[in-house]
Amino acid sequence: MKRFTTIFMVALLALATVFAGGSAESQDSGVTTLKLANWDTSTMPFIPAVIEAFEAENPDIKIEIIDIPSAEYVTKLNVMLNGGSDVDLFFAKEADKTKVFYDKGQLTNLSPYIEAAGIDMADYGGTDANFIYDGSVYAMPVRTDIYVLFYNKDMFDAAGLPYPDNDMTWTEFEEIAAKLTTGTGATKKYGAFIHSWQACVQNWGVQDGEHTIMSGGYEFFKPYYEMVLRMQEAGTIMDYATIQSSGIHYSDPFVQGNVGMLPMGSWFMATIIQRIDNGESDINWGVAVIPHADDVPNGYTVGASTPICINNASTKKDAAWKFVEFVSGPKGAEIYAANGQIPALADSKYMEILASMPGMPEGVAAGLYTTNVSPDRPAMDHVTEVDQMLGQEHSLIMLGENTVDEGIAEMAKRFTEIVK
């Protein structure tokens, strides 16, 4: 019995060794798996496309997407980062939140990698400014969304007006909206549509590149609130209360052909193409440079860059950097542009690729012209609280519960309280 037991144990140990060896071999197969956090990946075909291209060039690295619903992304990402190394890389859905991650020590300093790779950050057109802390870069800008002017060519034709010339002022915008407005009631066509977001008024105050929502004071918002309220009173735009109470999304009035001009983010281009391809719209549309104030240079706009970050707790930083370099570099930029996205890496050739995408309107590359992109929300302390406060005061002004002067005074007062 003793001999049998000894033989059985030896055999069991041998079998365990085989399995252990097999397990070790599979883990040490020469392939590094990186976990990448992203949101609503099914709506972003450029993400799987860039991963496929990267893995083809780097067969020793595999990217595993952790896909999270958009509404839950920020919360779940925080849980993963606070928990340690559950994720190696992640796209920051709200660029201003990178400062929070930096303050927690959760971001890898990318400057040594950037320097070793010989990357000139000037090629990113200033989109990296939101991700520089204490002189070092902690996130690489990948995609940039900018505010542009969408317009309905058929409504311009019907009014006998030339299409926007990529150098329109906000004064001209208001005047043209009045000329485009026709009809009443259910058949009314509005000259323009100003969405209910505070950004669709306040952005034009920070468009000059000198102010941000963290500047305080907020007198620079005043001309744009006055303009929008005048247009609302004149009936050349749909009123704020109706948009809010009816839950109207900016996309529907435009793709249905009931709006002449729409200041909105460049992300809307892909949506229009999709709606047309699905047979939901036959809008004859165009894209122009966003209007500017008389004293603001043409090509100044507002936007935000989506960055990619490396979790500082990751044990695979070198491999993670290879993907960061790829997705934010020329090859990634080409893939993004071919999928209707504006790469953060600035070069006219990417605009040409984007413009050649099926469904893009003629002249779209010229309409995406920029000379300066001001951040809609700079990555600074207290920016989230300030942004929420400005949204509350925005609603009170637009609903007529506060005058513009009263609203701006309240914004300034509350800003000081938040910052203190």
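The next subject is the side chain of T212. Here T212 shows up in the loop between α8 (199-206) and α9 (222-234). For T212, the side chain forms a polar contact with the main-chain nitrogen of M214, separated by 2.9 Å. If sequence neighbours within four positions are ignored, T212 has contacts with V206, F220 and P378.

Between α9 and helix α17 (residues 383-398), the shortest axis-to-axis distance is 11 Å and the interhelical angle comes to 40°. When the axes of α9 and α17 are compared, the pair comes out oblique. Seen from above, α9 lies across α17 with right-handed handedness. In this structure, α9 contributes Y225, V228, L229 and Q232 to the contact, and α17 contributes H394, I397 and M398. Looking at the contact of α9 with α17 residue by residue, the class counts come to five nonpolar, two polar and no charged.

Before going further, it helps to examine the pattern of salt bridges. Tallied over the entire structure, the rule returns 14 salt bridges. Close ionic contact of K97 with D96 constitutes a salt bridge, the shortest N to O distance being 3.6 Å. Close ionic contact of D405 with K222 constitutes a salt bridge, the shortest N to O distance being 3.0 Å. Taken together, the residues D405 in helix α18 (residues 404-419) and K222 in helix α9 connect sequence positions 183 residues apart. Residue classification places D405 among the partly exposed residues on the basis of a relative accessible area of 44%. One network of salt bridges, in which partners are shared, links E94, D96, K97, R377 and D387.

With respect to the helices, strands and loops of the structure, W267 is situated in the loop between β8 (259-265) and α12 (268-277). Expressed as a C-alpha distance, the spacing of W267 and T144, which sit 123 residues apart in the sequence, is 9.2 Å. Separated by 2.8 Å, the side chains of W267 and Y250 make a polar contact.

Buried residues dominate β8, accounting for seven of its seven residues. Bridge count between strand β6 (residues 140-152) and β8: five bridges; the pairing is antiparallel. The partner of L149 across the bridge, within β8, is P263.

Before going further, it helps to spend a moment on unusual backbone geometry. In this structure, D134 is a non-glycine residue whose phi angle is positive, near 50°. Judged by relative accessible area, D134 falls into the exposed class, the value being 73%. In this structure, H382 takes a positive phi of about 75° despite not being glycine. Relative to the helices and strands, H382 resides in the loop between β11 (372-375) and α17. Taking the relative accessible area as the measure of exposure, H382 reaches 32% and is therefore partly exposed.

To continue, consider the nonpolar core. Within soluble globular proteins, side chains that are nonpolar tend to cluster in buried spots. Formed by 130 residues in total, the largest nonpolar core has its most connected members in F150 and M261. Ranked by the residues each element gives to this core, the list is headed by β6, at eight residues.

A few words on a negative patch on the surface. Together, D165, D167, E172, E175, E210, D294 and D295 give the surface a local cluster of negative charge. Looking at where D295 falls in the secondary structure, it is placed in the loop between β9 (285-289) and β10 (300-310).

A word on helix α2 (residues 46-57). Residues separated by three or four positions in an α-helix point in the same direction, a consequence of the helix having 3.6 residues per turn. An ideal rise of 1.5 Å per residue puts 16 Å on 12 residues; α2 measures up with 17 Å between its terminal C-alpha atoms. Listed as buried for α2 are F46, I47, V50, I51 and F54. Burial along α2 is one-sided: seen end-on, the buried residues are contained in an arc of 135°. Pointing more than 90 degrees away from the buried face of α2 are the exposed residues E52 and A56.

Rules used in this analysis
Residues numbered from 1 in each chain as written. Predicted model: local features only at pLDDT ≥ 70, side-chain atom pairs only at ≥ 80, totals over all residues. Heavy atoms only, no water. Helix = DSSP H or I, 4+ residues; strand = E, 2+ residues; numbered from the N terminus. Polar contact = N/O pair within 3.5 Å; in protein donor to acceptor, adjacent residues only side chain to side chain. Contact = heavy atoms within 4.5 Å. Axes fitted to C-alpha atoms, helices over the stretch in contact; angles between N-to-C directions. Parallel < 35°, antiparallel > 145°, perpendicular 65-115°, else oblique. Left-handed = near helix turned anticlockwise from the far one by under 90°. Nonpolar A, V, L, I, M, F, W, Y, C, P; charged D, E, K, R; others polar. Salt bridge = Lys/Arg side-chain N within 4 Å of Asp/Glu carboxyl O. Buried < 20%, exposed > 50% of the residue type's maximum accessible area, 1.4 Å probe, protein only. Pairing = 2+ DSSP bridges. Core = buried A, V, L, I, M, F, W, Y, C linked by side-chain atoms within 4.5 Å. Patch = residues over 30% accessible without salt bridge, like charges linked within 9 Å, V, L, I, M, F, W, Y side chains within 5 Å. Areas by Shrake-Rupley, 256 points an atom, 1.4 Å probe, with all protein chains shown as cover. Lys, Arg positive; Asp, Glu negative; His and termini not counted. Charge placed at Lys NZ, Arg CZ, Asp CG, Glu CD. Expected span 1.5 Å × (residues − 1). Arc of directions from axis to C-beta.

By themselves, these observations are geometric and do not establish any function.
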